[in-house]
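Each chain, written out:
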Amino acid sequence: MLQARLKRTFAPGSDSGGFSLDLEFTASQGVTVLFGPSGSGKTLTLDAIAGFVKPDEGRILLDDQILYDAASLVHLAPQQRNCGYVFQNYALFPHMTLRQNLEFGAERRPRLERHRRVGEMLERFRLNDSAGRRPHEVSGGQRQRCSIARALIGGPRLLLLDEPATGLDAPLRAEFYEVLRQVQADFKTPMLLVTHDLAECFELAEEMIVLRDGRVIQKGPPRHILDEPANLEVARLLGAFNLLEAEIRTLDPGRDISRLQAGDFELQGPYFPGHLKGDRVTLCVRPEQLKVARRNGKPEANQIPAELKRVVERPHGLRLEFTSPAFPVAIRVNVSRAEYERQKGNREWLIQFPGDALRVV
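Procedures and definitions
Residues numbered from 1 in each chain as written. Predicted model: local features only at pLDDT ≥ 70, side-chain atom pairs only at ≥ 80, totals over all residues. Heavy atoms only, no water. Helix = DSSP H or I, 4+ residues; strand = E, 2+ residues; numbered from the N terminus. Buried < 20%, exposed > 50% of the residue type's maximum accessible area, 1.4 Å probe, protein only. Contact = heavy atoms within 4.5 Å. Lys, Arg positive; Asp, Glu negative; His and termini not counted. Charge placed at Lys NZ, Arg CZ, Asp CG, Glu CD. Expected span 1.5 Å × (residues − 1). Arc of directions from axis to C-beta. Pairing = 2+ DSSP bridges.

**Q** What's the story with the overall build of the chain in this structure? I'm lost.
**A** When helices and strands are counted, the chain shows 9 helices and 21 strands. Principal-axis analysis of the C-alpha atoms places the extent of the chain at approximately 80 × 50 × 40 Å. Relative to its full complement of 361 residues, the chain shows a buried share of 47%. Of the contacts formed within the chain by residues at least 6 apart in sequence, a portion of 63% connects residues at least 24 apart. Charged side chains in the chain number 50 positive and 47 negative. The centres of these two groups are separated by 2 Å.

So, in structure tokens, the structure goes:
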């Protein structure tokens, strides 16, 4: 298990421009993802754990071994930490063959064991046919597999991965996900992976840590974070919601209902604990949770009239973009192609807000 409490402040004139990192988290078996926008401190966190950056304060423990402790002046060198690191650009030595890159990663092992381990890794990561080639002579997928194999060959207690899927096309990305799942099954090595891709969190992570400006703003399983964003900041970072302003008009915990006012229209949702009548809130609802219908007379409960402005093709359906007198921003609704074909002749549209899907922050 990894336990990290880190604090590091950079001077305003430095390359990091006055950035401050101040966070605390744990990571156990499986894949833990550091999620956040560029400049939120994700790679800096990896570098501090690996020993490339020395925090100002805090403590880092890996399986109860102290890697860094400001109070007792412990700061182990990177080679003493037994952490594997897969860099964003893979960082393979360009003048070495893939086999030689793996041999370098295993150089601290006895010669016979080193030779055996390199052979095993070449076989396991399907690199035998390209073992004698240099990195520029092989495909991106082979370079990536070699980078992961080199990080694992020394038997690390923790694998650090810095946005390893960035720049990969869809087939290579799918191959990478499969390789990483196989690594987890075979080696049981805990992984700490950096990404700003929400889909990648769902593809790989058991635990997700959301960072913003060097701080942890939410952590938990990806599904929980998507279903229950802790605040507006998290909801915006996820990029998965319509964020719509409304006012709470009624709160009834006994009946587990609330009523929201949006312009001249009213929406009913579940009871929202922690809020008061009259609060201005932001309504969070995902595009796939909304439904559309043809307008025939006065809108019914939880329906709002809207005007279709744009239809966007998506791999698995369509995204409809609407304007509505209830909200000053566009509303996105995801529908199947069949549903759109059935309703595309609508002159007037209604957006249906399912009450159980409504969340407020």
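**Q** I tried to follow helix α3 (residues 111-124) on my own but got confused; where do I start?
**A** An α-helical segment advances 3.6 residues per turn. Residues three or four places apart therefore align on the same side. Between the first and last C-alpha of α3 there are 20 Å, a value that for 14 residues agrees with the 20 Å anticipated at 1.5 Å per step. Within the sequence span of α3, burial applies to Arg117, Val118, Met121 and Leu122. Buried residues of α3, viewed axially, fall in a sector of 135°; they line one side. For α3, exposure combined with an orientation more than 90 degrees from the buried face picks out Leu112, His115 and Glu123. Considering only its buried residues, α3 is in contact with α2 (98-105), α4 (140-152) and α5 (170-187).

**Q** Would you mind showing me how to read the sheet that holds strand β15 (residues 280-285) here?
**A** Two orientations exist for strands paired in a sheet by backbone hydrogen bonds: parallel and antiparallel. Pairing is antiparallel in the open sheet, where 5 strands are placed in the order β14-β13-β12-β15-β21. Each having just a single partner strand, β14 (265-269) and β21 (359-360) make up the two edges of the open sheet. Bridge analysis of strand β12 (residues 242-252) against β15 gives 6 bridges, and the strand direction is antiparallel. Residue Leu243 lies in a different strand from β15, and its bridge partner there is Cys284.

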